[in-house]
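# Chain and residue survey
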Amino acid sequence: MEIDPSIDEAWMRYAFRLAQRAEEQGEVPVGAIIVKNDLCIAEGWNAVIDRHDPTAHAEIVALRAAGLALENYRLGSVTLYVTLEPCVMCMGAISHARINRLVFGAYDTKRGAVCNALSLTDASFLNHRVNWVGGILEHECSGLLRDFFKARR
C-alpha cells in the first residue's frame, strides 16, 4: 500500500515538535509518535536525564505508551514516526513489538541501526521484518540535532 508522502511529513512534524520539547528540557532532541488508523495513540521524546533511565529514548517511551493504550505489547498495525534513525536498543524493541512500519527523519551514520551502522530491519536472526522509510524532513530533523550539539560544545 502506497502512503501519501504528505501524510508522513505531517506526522513527522508532530514528532519534530516533541523533539523540540525534549530540547527545552535539556534532553537530546528526538521525538516519536505512534499512529494507528490515522490517529496518534502514543507519543514520546527523549527523557533519559529527566527519568534517570538510559532506556528512555523517544521510541521506547512511545512504545510503552502505545502498549498501554492498546493493552498489548504487540503493535503490528501501527506506524512509528521518529525524528532520528533508531539505535540498536530501539530497533530491538521495535522488532519485538512487531511494528509494521517505521518512518524516521535524520539518518544516524554512526549509530543508526536501520540502514547505517547496522541493518536490523532485515536481520536474519530476527523473526520480524520492519518496513521503513528514512529521510522524511531530514533537513529539519538533522538541523535540530546539529544545533543542539553545537550549542553544547
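Below is a summary of the structure that appears in this document. On a predicted model such as this, the values are computed, not experimentally measured, just so you know. (Residues numbered from 1 in each chain as written. Predicted model: local features only at pLDDT ≥ 70, side-chain atom pairs only at ≥ 80, totals over all residues. Heavy atoms only, no water.)

### A short note on the environment of Tyr14
Inspection of the secondary structure puts Tyr14 in helix H1 (residues 5–24). A relative accessible area of 23% places Tyr14 in the partly exposed class. (Helix = DSSP H or I, 4+ residues; strand = E, 2+ residues; numbered from the N terminus. Buried < 20%, exposed > 50% of the residue type's maximum accessible area, 1.4 Å probe, protein only.)

### Side note on the nonpolar core
Core analysis: the largest hydrophobic core is formed by 45 residues, its most contacted members being Met12, Ile34, Leu63, Ile94, Ile99 and Leu102. Listing elements by their share of this core, those giving two or more residues are H1, strand S1 (31–36), strand S2 (39–45), helix H3 (58–70), strand S3 (79–84), helix H4 (88–96), strand S4 (101–106) and helix H5 (138–152). Residue contributions to this core peak at seven residues, all from H1. The residues touching Ile94, leaving out its near neighbours within four places in the chain, are Leu63, Leu80, Pro86, Ile99, Leu102 and Val130. (Core = buried A, V, L, I, M, F, W, Y, C linked by side-chain atoms within 4.5 Å. Contact = heavy atoms within 4.5 Å.)

### Here's the deal with the sheet that holds S4
Here we have five strands laid out as an open sheet, ordered S2-S1-S3-S4-S5, and mixed in their pairing. Two strands lie at the open edges of the sheet, namely S2 and strand S5 (131–133), each paired on one side alone. The average angle at which neighbouring strand axes cross in this sheet is 20°, direction not considered. The pairing of S3 with S4 spans five bridges and is classified as parallel. Following the sheet pairing, Tyr81 is matched in S4 by Val103. Contacts from H3 reach S1, S2 and S3 within the one sheet, and its direction differs from that of S2 by about 140°. (Pairing = 2+ DSSP bridges. Axes fitted to C-alpha atoms, helices over the stretch in contact; angles between N-to-C directions.)

### Here's the deal with the state of the cysteines
What the rule picks out here adds up to zero disulfides. This cysteine, Cys40, is not joined by any disulfide, and Cys141 carries the nearest cysteine sulfur, 15 Å off. On the basis of relative accessibility, which here comes to 25%, the residue Cys40 falls in the partly exposed class. No disulfide involves Cys90; its sulfur sits 3.8 Å from that of Cys87, the nearest cysteine. (Disulfide = S-S within 2.5 Å.)

### Description of a nonpolar patch on the surface
Together, Val88, Met89 and Leu118 make up an exposed nonpolar region whose accessible area comes to about 230 Å². Structurally, the position occupied by Met89 is in helix H4. Judged by relative accessible area, Met89 falls into the partly exposed class, the value being 30%. (Patch = residues over 30% accessible without salt bridge, like charges linked within 9 Å, V, L, I, M, F, W, Y side chains within 5 Å. Areas by Shrake-Rupley, 256 points an atom, 1.4 Å probe, with all protein chains shown as cover. Salt bridge = Lys/Arg side-chain N within 4 Å of Asp/Glu carboxyl O.)

### Some remarks on the pattern of salt bridges
A complete count under the given rule lists two salt bridges for this structure. Among the ionic pairs, Arg101 bridges to Asp8, the shortest N-O distance being 2.7 Å. In this pair, Arg101 is assigned in strand S4 and Asp8 in helix H1, connecting sequence segments 93 residues apart. A relative accessible area of 13% places Arg101 in the buried class. Among the ionic pairs, Asp53 bridges to Arg64, the shortest N-O distance being 3.6 Å. With Asp53 in the loop between helix H2 (48–51) and H3 and Arg64 in helix H3, this residue pair connects regions lying 11 residues apart in the sequence. Looking at Arg64, the relative accessible area reads 43%, which means it is partly exposed.

### Digging into H4
Of the residues making up H4, those classed as buried are Cys90, Met91, Ile94 and Ser95. Down the axis of H4, the smallest arc covering the buried residues is 135°, so these residues share one side. Considering only its buried residues, H4 is in contact with H3, S3 and S4. A positive backbone phi angle near 65° is found at Arg98, which sits one or two residues after H4. (Arc of directions from axis to C-beta.)

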